[in-house]
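Overview (structure and organization)
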Amino acid sequence: MKFFIDTANLDQIREAQDLGILDGVTTNPSLMAKEGISGDENVINHYKAICDIVDGDVSAEVISTDYESMIKEGEALADLHENIVVKVPMIKDGVKAIRYFSDKGIKTNCTLVFSAGQALLAAKAGATYVSPFIGRLDDISTNGLQLIEQIRLIYDNYDFRTEILAASVRHTMHVIECAEIGADVMTGPLSAILGLLKHPLTDSGLEKFLADHAKVNA
């Protein structure tokens, strides 16, 4: 499973990259705003800075909602760096735009997916990634992991090449459960990734090893 980090914070991206397990980055307008990044030029420069840190795919989201504007904006984003993946919302014009980008060889990430039907349309249009938001489904008492299972079954049935990118991952167990189900990619906060390192028996075992070593080498 690929590990993406869902943030626009450059320090967190560097930390995940330094860990040696990072495959890519996802961002969105809300994450940009959280870092205080505003204005077209600043946003563009920030995407470039992210691409300078990470070797893998970097999802850059269009903010337009009509077909022509999404095409113009998406092509400009794709021209920024070879690692840019154009992030397109799951709406009618978004599906049309995904088909256009796919035909042009531009990678896409279909975002804000909340149903198997939406994921099926994204794959039919040729999306590189589809992003079901499991955490937001959990928030409304709907099982987000079941959606991942549905999409996995459908994509396997028809050998779709679109990768399932489990988005809105909130915690470490989401990561584990997505891996068990067969999500191709997970994207989440740095805390969810670092949480995989932690186990009390690891901590107590290391403490004992070091204590025993210190005794015999005193």
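This text follows the structure it describes.
Sequence order sets the numbering: in each chain, residues are counted from 1 along the sequence as written. Whole-chain, interface and lining totals are the exception, using all residues; otherwise, since this is a predicted model, local features are given only for residues with pLDDT of at least 70 and side-chain atom pairs are given and counted only at 80 or more. Excluded from the side-chain calculations are hydrogens and water; all other atoms, namely the structure's heavy atoms, are used.

1. Brief notes about the overall build of the protein
The cut-off we apply is this: Secondary structure counts use DSSP, requiring at least four H or I residues in a row for a helix and at least two E residues in a row for a strand, with both numbered from the N terminus. Partly exposed describes any residue whose relative accessible area lies between the buried limit of under 20% and the exposed limit of over 50%, with all areas from a 1.4 Å probe on protein chains only and scaled to the type maximum. Note on contacts: a residue pair is in contact if any heavy atoms of the two residues lie within 4.5 Å. Working definition of accessibility: Shrake-Rupley area with a 1.4 Å probe, residue cover restricted to the visible protein chains. Only four residue types enter the charge count, namely Lys and Arg as positive and Asp and Glu as negative; His and the chain termini do not. One atom stands in for each charge, and that atom is NZ of Lys, CZ of Arg, CG of Asp or CD of Glu.
A tally of helices and strands in the protein yields 11 helices and 8 strands. Its C-alpha atoms put the protein at 75 × 40 × 30 Å along the principal axes. Counting every position in the protein, which comprises 218 residues, the buried fraction comes to 46%. Long-range contacts, defined as pairs at least 24 residues apart, comprise 57% of the intrachain contacts of the protein with a sequence gap of at least 6. Accessible surface computed for the protein: about 11300 Å², of which carbon and sulfur atoms make up 51%. If you average the places of the 19 positive and of the 32 negative side-chain charges in the protein, the two averages end up 3 Å apart.

2. Notes on a nonpolar patch on the surface
Our working definition: Put simply, a patch holds well-exposed residues, over 30% relative accessible area, that have no salt bridge, with like charges counted together within 9 Å and Val, Leu, Ile, Met, Phe, Trp or Tyr side chains within 5 Å. When a carboxyl oxygen of Asp or Glu is within 4 Å of a side-chain nitrogen of Lys or Arg, the pair counts as a salt bridge.
A cluster of nonpolar side chains, contributed by Leu19, Ile21 and Leu197, occupies part of the molecular surface with about 260 Å² of accessible area. Within the element layout of this structure, Leu197 appears in the loop between α10 (190–194) and α11 (200–216).

3. Focus on the packing of aromatic side chains
Worth spelling out the cut-off: Pairing of aromatic side chains requires ring centres within 6.5 Å, counting the rings of Phe and Tyr and the six-membered ring of Trp. Pairs whose planes differ by under 30 degrees are stacked, by over 60 edge-to-face, and all others tilted. Only when the NZ atom of a Lys or the CZ atom of an Arg is both within 6 Å of the ring centre and within 35 degrees of the ring normal do we say a charge sits over the ring.
Here the structure, examined in full by the defined rule, presents 5 aromatic pairs. On the basis of an interplanar angle of 55° and a centroid distance of 5.6 Å, the ring pair of Phe114 and Phe133 is categorised as tilted. Taken as a pair, Phe114 in the loop between β5 (108–113) and α6 (116–125) and Phe133 in the loop between β6 (129–132) and α7 (134–139) lie far apart in primary sequence, 19 residues in all. Judged by relative accessible area, Phe133 falls into the buried class, the value being 7%. With 5.6 Å between their ring centres and 70° between their planes, Tyr155 and Phe160 make a pair best called edge-to-face. Overall, Tyr155 belongs to the buried group, its relative accessible area being 1%. Taken together, the aromatic side chains of Tyr155, Tyr158 and Phe160 make up a single cluster linked through ring pairs. Here the basic side chain of Lys96 rests over the ring of Tyr67, its NZ or CZ set 5.0 Å away from the ring centre.

4. What to know about the pairing of β6
Every other side chain in a regular strand lies on the same face of the sheet, so the side chains alternate between the two faces. Just so we agree on the cut-off: Think of it this way: DSSP has to see at least two bridges between two strands before they count as a pair. By the criterion used throughout, a crossover qualifies as right-handed when its path from the first strand across the helix to the second strand runs clockwise, the strands pointing away from the viewer.
Covered by surrounding structure in β6 are Tyr129 and Ser131 together with Val130 and Pro132, the residues of both alternating faces. For β5 and β6, the ladder comprises 3 bridges, and the chain directions are parallel. Residue pairing for β6: Val113 is matched across the bridge by Pro132. Once you follow β5 into α6 and on to β6, the crossover reads as right-handed. Pairing of β6 with strand β7 (residues 163–166), which is carried by 2 bridges, proceeds in the parallel orientation. Looking at the pairing, Tyr129 lines up with Glu163 of β7.

5. Quick look at the side chain of Arg152
Counted only if it meets this: The term polar contact refers here to a pair of N or O atoms within 3.5 Å; inside protein, the definition further demands a hydrogen-donor-capable atom paired with an acceptor-capable atom, and it admits residues adjacent in sequence only when both atoms are side-chain atoms.
Within the fold, Arg152 resides in helix α8 (residues 144–158). A polar side-chain atom of Arg152 sits 2.8 Å from the main-chain carbonyl oxygen of Gly182.

6. Comments concerning the pattern of salt bridges
Counted according to the given criterion, the structure contains 9 salt bridges. The shortest N-O distance in the salt bridge between Lys107 and Asp57 comes to 3.1 Å. Taken as a pair, Lys107 in the loop between α5 (92–103) and β5 and Asp57 in strand β3 (residues 57–61) lie far apart in primary sequence, 50 residues in all. When the shortest N-O distance is used, the salt bridge between Asp103 and Arg99 registers 3.3 Å. Remark: Arg99 and Asp103 occur in helix α5; sequence separation between them is 4 residues, near one turn of the helix. By relative accessible area, which is 34% here, Arg99 ends up partly exposed. Through salt bridges with shared partners, a single ionic network connects Arg152, Asp156 and Asp184.

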